[in-house]
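Inside the fold
For reference, the chains in residue letters:
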Amino acid sequence: MRIAVLSSLAKDSGCWLRAGYLANSLKNNCEVEFIQPLPKTLPFILDMFISIPINLIKVTFSKADFFIGIKPYPNITIPLLFVKIFKRKRIGVDIDDLDSSYRKGIISKISSALQKPFPKYFDIITYHNSLLKEHIIKEFKVEEEKLYKLDQGVDLKIFDYKLNKPEKEVLFYMGHLNIASDLDSILKAVKLVQNKRDVKFVIVGGGPDRAKFRKLAKQLNVSARFTGHLSKEETAKELSKADICLIYYKEKKVNAYRCSMKLRECLAMGKKIVCNDFGDLKKFEKYTYQSSSKIEDFADKIIQTLKNQDGREIKGLNYIKKNLD
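Each chain has its residues counted from 1, following the order in which its sequence is written. Only residues with pLDDT of at least 70 get local features here, since the model is predicted, and only at 80 or more are side-chain atom pairs given and counted; chain-wide, interface and lining totals rely on the full set of residues. With hydrogens and water stripped out, all remaining heavy atoms of the structure feed into the side-chain values.

**Points about the pairing of strand β3 (residues 66-70)**
- Summary of the burial criterion: residues with accessible area below 20% of their type's maximum are buried, those above 50% are exposed, and those between are partly exposed, where the area comes from a 1.4 Å probe applied to protein chains only. Under the DSSP-based scheme used, a helix requires at least four consecutive residues in state H or I and a strand at least two consecutive residues in state E, with every element numbered from the N terminus. By the criterion of burial, β3 is predominantly enclosed, with five of the five residues buried.
- Residues Phe 66, Ile 68 and Ile 70 point to one face of β3 and Phe 67 and Gly 69 to the other, with burial holding for every one of them.
- By this definition, two strands are paired if DSSP reports at least two bridges between them. Direction of pairing for β3 relative to strand β4 (residues 90-94): parallel, over a ladder of five bridges. Of the residues in β4, the one forming a bridge with Ile 70 is Asp 94.

Encoded structure:
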């Protein structure tokens with residue numbers, strides 16, 4: 001069987017990473033064609049409109065038996081519905097969060113309107129957070145028997161526990177720096193930490209809001225190194241040098257429906273993680289050092305973890321190896 005995997009967003013997005021993980025995992029059992037998206041996110045979601053005809057051409061000439069896309073945006077749903085109707089192929093789509101909830105007003109309504117009409121016509125719909133199941137049934141009008149839970153996994157060939165020895169007092173954050181990133185809260189917490197300790201802070205990731213976050217770091221007088229966008233392999237090398245990884249979800253609806261890829265990747269490298277206890281993060285309380293969502297509590301937990309750890313991250317590493325490879 002030959003399967004084609006598509007990402008609705010560009011190569012500098014978490015969507016593309018999830019698509020890549022899925023493609024690599026499927027290669028263990030079948031032939032896979034990973035249809036590559038545009039290299040970079042463009043302003044005003046132009047990349048999404050430009051890629052509609054590109055994806056349509058690619059899927060038309062593809063020899064795949066089954067097609068699956070990540071996120072139900074028109075640049076993959078329209079081409080996939082085309083191959084379902086005219087090539088009689090089976091199609092699937094992965095819904096991994098509440099994209100429309102990141103924004104408010106007319107933009108949110110447009111984002112929702114672009115996604116809702118199509119998934120009900122697909123053969124398979126996957127999701128990774130249990131809260132999404134009821135949302136998909138209710139909002140997307142999808143029949144329950146079409147739904148399959150597809151957990152967020154980790155490529156242990158890239159995120160290798162033995163890659164590098166960590167450096168002391170290095171705080172680390174990685175992620176796509178866009179509207180979904182809560183780096184602003186982390187910067188405020190790091191400022192409180194750096195007022196008391198001489199710690200380094202490394203931020204890995206590109207994205208449309210990178211300049212905004214750099215400006216905020218300067219305004220807060222936070223000492224931070226922004227690496228920009230790196231490959232998965234380069235990201236893993238930077239991560240391997242980290243002493244403590246920082247992950248934070250603001251307590252808002254959209255974050256309750258997310259599953260943290262970065263948490264799983266950090267644990268795969270046996271890293272100490274300081275995070276707040278909201279949403280999916282709460283499920284990993286046995287393996288991470290958690291605080292409330294108050295910035296002061298988060299900063300205090302970072303300082304406490306710099307002083308004392310109990311090795312729970314190694315239990316987390318073993319959990320990832322056993323369940324999420």
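**Description of the sheet that holds strand β8 (residues 200-204)**
- With parallel pairing, the six strands of this open sheet are ordered in space as β9-β8-β7-β10-β11-β12. Across the chains shown, the open sheet's two edge strands, defined by having one partner strand only, are β9 (225-228) and β12 (289-291). Across the sheet, the mean angle from the axis of one strand to that of its neighbour is 25°, orientation sign disregarded.
- Pairing geometry for strand β7 (residues 170-174) and strand β10 (residues 244-247), over two bridges, is parallel. Bridge pairing links Leu 171 to Ile 244 in β10. As a rule, the C-alpha atoms of each element are fitted with a line to give its axis, helices using only the stretch in contact, and angles between N-to-C directions run from 0 to 180 degrees.

**Points about the sheet that holds strand β1 (residues 2-7)**
- The sheet built from six strands is open, its strands ordered β2-β1-β3-β4-β5-β6 with parallel pairing. Lying at the two open borders of the sheet, with one neighbouring strand each, are β2 (31-35) and β6 (147-149). Averaged over all adjacent pairs, the angle separating strand axes in this sheet is 20°, with direction ignored.
- Sheet analysis places β1 next to β3, joined by five bridges and oriented parallel. Bridging across to β3, Ala 4 finds its partner in Phe 67.
- The contact rule is simple, with two residues in contact once any of their heavy atoms fall within 4.5 Å. Its contacts with the sheet put helix α1 (residues 14-26) on β1, β2, β3, β4 and β5 (124-127), and the angle it makes with β1 is roughly 170°.

**Digging into unusual backbone geometry**
- Non-glycine residue Lys 141 carries a positive phi angle of around 60°.
- Note on placement: Lys 141 falls in the loop between α5 (130-139) and β6.
- Positive phi outside glycine occurs at Asn 221, with the angle close to 65°.
- Take Asn 221: it is sitting in the loop between α7 (210-220) and β9.
- In this structure Asn 221 comes out as exposed when scored by relative accessible area, which is 58%.

**Here we look at a positive patch on the surface**
- Patch membership is restricted to residues that have no salt bridge and whose relative accessible area is over 30%. Joining uses 9 Å for like charges and 5 Å for the nonpolar side chains Val, Leu, Ile, Met, Phe, Trp and Tyr. Each accessible area is a Shrake-Rupley estimate made with a 1.4 Å probe; only the visible protein chains count as cover when residues are assessed. Any carboxyl oxygen of Asp or Glu that lies within 4 Å of a side-chain nitrogen of Lys or Arg is treated as forming a salt bridge with it. Positive: Lys, Arg. Negative: Asp, Glu. His and the chain ends are not part of the count. Positions of charges follow a simple convention, taking NZ of Lys, CZ of Arg, CG of Asp or CD of Glu. Side chains of Lys 120, Lys 138, Lys 141 and Lys 253 sit close together on the surface and give a patch of like positive charge.
- In this structure Lys 120 comes out as partly exposed when scored by relative accessible area, which is 34%.

**Quick word on the environment of Cys 259**
- Structurally, Cys 259 can be placed in the loop between α9 (253-256) and α10 (261-268).
- Along the chain, Cys 259 and Asp 280 lie 21 residues apart, while their C-alpha atoms are 5.6 Å from each other.

**Some details on the packing of aromatic side chains**
- A pair of aromatic rings is counted whenever rings of Phe, Tyr or Trp (Trp by its six-membered ring) have centres within 6.5 Å, and the orientation is called stacked for planes under 30 degrees apart, edge-to-face for over 60 and tilted otherwise. This structure, assessed with the given rule, holds five aromatic pairs.
- Between the aromatic rings of Phe 284 and Tyr 319, the centroid separation amounts to 6.1 Å while the plane-to-plane angle is 85°, which identifies the pairing as edge-to-face. With Phe 284 in the loop between β11 (272-276) and β12 and Tyr 319 in helix α12 (residues 312-323), the pair connects residues that are 35 residues apart, well separated along the chain.
- On the accessibility criterion, Phe 284 (4% relative accessible area) is buried.
- Both rings, one in Tyr 287 and one in Tyr 319, keep their centres 5.3 Å apart while their planes meet at 25°; by these two values the pair is stacked. Of this pair, Tyr 287 sits in the loop between β11 and β12 while Tyr 319 sits in helix α12, and the two are 32 residues apart along the sequence.
- Given the relative accessible area of 12%, Tyr 287 is considered buried.
- On the accessibility criterion, Tyr 319 (30% relative accessible area) is partly exposed.
- One aromatic cluster in this structure is built from Phe 284, Tyr 287 and Tyr 319.
- Two thresholds decide whether a charge sits over a ring: the Lys NZ or Arg CZ must be within 6 Å of the ring centre and within 35 degrees of the ring normal. Directly above the aromatic system of Phe 213 lies the positively charged group of Lys 212, at a separation of 4.9 Å from the ring centroid.
- We note Lys 232 situated over the ring of Trp 16; from NZ or CZ to the ring centre the distance is 5.7 Å.

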